[in-house]
Amino acid sequence: MVKKELIKNLNISLYENEIMAIIGKNGVGKTTLARSLAGLLNFKGNTSFGRNKKERLRNAYYMMQDVEYQIFFDTVENELLQKDRINDVEYLNRLRNELKHIDLWENRYDHPQNLSGGQKQRLALLTACLSGRKLIILDEPTSGLDYKRMNDISEIIKRYSKIYPFAIITHDIELIFKVCNSVLMLEEDGYKKVYVQGHEKDILKFIKDGLIV
């Protein structure tokens, strides 16, 4: 079987406080790139988030599109409660405030699998943001959400981008224009990274031309 090299000579920077969207048609390498940055796949290149797969696994958090696979515990509270911080009053107060902020405080003793899709998405995103990793990677975080819940997700991302950079695989143009600073446009024969502000027409044209399906 011949292996296909999806992304050639990719050289990008992701800065502190940056929220970068990754867009392109299916099969162009968006998920491959994201999983490589997160240490879930090997790749030949170098990244400042880890010199090898093990370091990247430790430094990056990858939130899957289907968050069902990243829910493990018996209550919402336990899903978020880190064992080494169970007696950390400051952390517990922060956790309480965050649960209230994303409208899950009343659900803190519920089983996560009994939550709605939007609630699970917010829980998974909060888990990622509380992980303390150096890079947060999100795969279609607003997929299937209505406008209100998309706004909820957007607000969480914007708040936590003050702490971590984000890389977001998305087809959601509203999310891009609402929260992202930059966009990485992947094509089969190359790539282009642009800032959102001032390049709105380029981004829309990229989508309109049928490169995202």
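This structure is a prediction, so every number in the text was calculated from the model and none was measured.

### What to know about the nonpolar core
Of all hydrophobic cores here, the largest spans 42 residues; its most connected members are Ile23, Leu125, Leu138, Ile157, Tyr160, Phe166 and Val183. Of all the elements, helix H5 (residues 117-129) adds the most residues to this core, at 6 residues. Filtering out sequence-adjacent residues up to four positions away, leucine 125 remains in contact with Met63, Leu138, Ile153, Ile156 and Ile157. Counting 17 residues, the second-largest nonpolar core is a separate cluster that includes Ala38, Ile169, Leu184 and Leu186.

### Observations concerning the state of the cysteines
Inspection of the entire model under this criterion finds 0 disulfides. Free cysteine: cysteine 129, not disulfide-bonded; nearest cysteine sulfur from cysteine 180 at 14 Å. Given a relative accessible area of 8%, cysteine 180 falls into the buried group.

### Overview of the pairing of strand E3 (residues 135-139)
Within a regular beta strand, the side chains point alternately toward one face of the sheet and then the other, so they alternate between its two faces. With 5 of 5 residues buried, E3 is to be regarded as a mostly interior element. With burial as the criterion, each face of E3 is covered, one bearing Leu135, Ile137 and Asp139 and the other bearing Ile136 and Leu138. Across 4 bridges, strand E2 (residues 60-63) lies against E3 in parallel orientation. Pairing of methionine 63 across the sheet is with leucine 138, part of E3. Bridging between E3 and strand E4 (residues 166-169) involves 4 bridges; their strand directions are parallel. By the bridge assignment for E4, aspartate 139 is matched with isoleucine 169.

### Concerning the packing of aromatic side chains
Summed over the entire model, instances satisfying the criterion amount to 1 aromatic pair. Pairing tyrosine 160 with tyrosine 164 gives two aromatic rings, centres 6.4 Å apart and planes at 5°, and the pair type is stacked. For the pair formed by tyrosine 160 and tyrosine 164, the shared burial category is buried. Its guanidinium or amino end placed over the ring of tryptophan 105, lysine 100 lies 5.4 Å from that ring's centre, counting from NZ or CZ.

### Some details on the pairing of strand E5 (residues 182-187)
In terms of residue burial, E5 counts as a mostly covered element, since 5 of its 6 residues are buried. Of the strand pairs in this sheet, E5 and strand E6 (residues 190-195) are connected by 6 bridges, and their pairing is antiparallel. Paired with valine 183 across the two strands is valine 194, which belongs to E6.

### Concerning the side chain of aspartate 172
The residue aspartate 172 is located in the loop between E4 and helix H7 (173-179) in this model. In this structure, aspartate 172 is buried with no salt-bridge partner, the nearest side chain bearing the opposite charge being lysine 178 at 10 Å. Side-chain polar atoms of aspartate 172 contact the side chain of threonine 142, separated by 2.7 Å. Of the polar contacts made by the side chain of aspartate 172, one reaches the backbone nitrogen of glutamate 174; its length is 3.0 Å.

Rules used in this analysis
- Residues numbered from 1 in each chain as written.
- Predicted model: local features only at pLDDT ≥ 70, side-chain atom pairs only at ≥ 80, totals over all residues.
- Heavy atoms only, no water.
- Core = buried A, V, L, I, M, F, W, Y, C linked by side-chain atoms within 4.5 Å.
- Buried < 20%, exposed > 50% of the residue type's maximum accessible area, 1.4 Å probe, protein only.
- Helix = DSSP H or I, 4+ residues; strand = E, 2+ residues; numbered from the N terminus.
- Contact = heavy atoms within 4.5 Å.
- Disulfide = S-S within 2.5 Å.
- Pairing = 2+ DSSP bridges.
- Phe/Tyr/Trp six-rings, centres within 6.5 Å; stacked < 30°, edge-to-face > 60°.
- Lys NZ or Arg CZ within 6 Å of the ring centre and 35° of its normal.
- Lys, Arg positive; Asp, Glu negative; His and termini not counted.
- Salt bridge = Lys/Arg side-chain N within 4 Å of Asp/Glu carboxyl O.
- Polar contact = N/O pair within 3.5 Å; in protein donor to acceptor, adjacent residues only side chain to side chain.

Any link to function would need more than the numbers given here.
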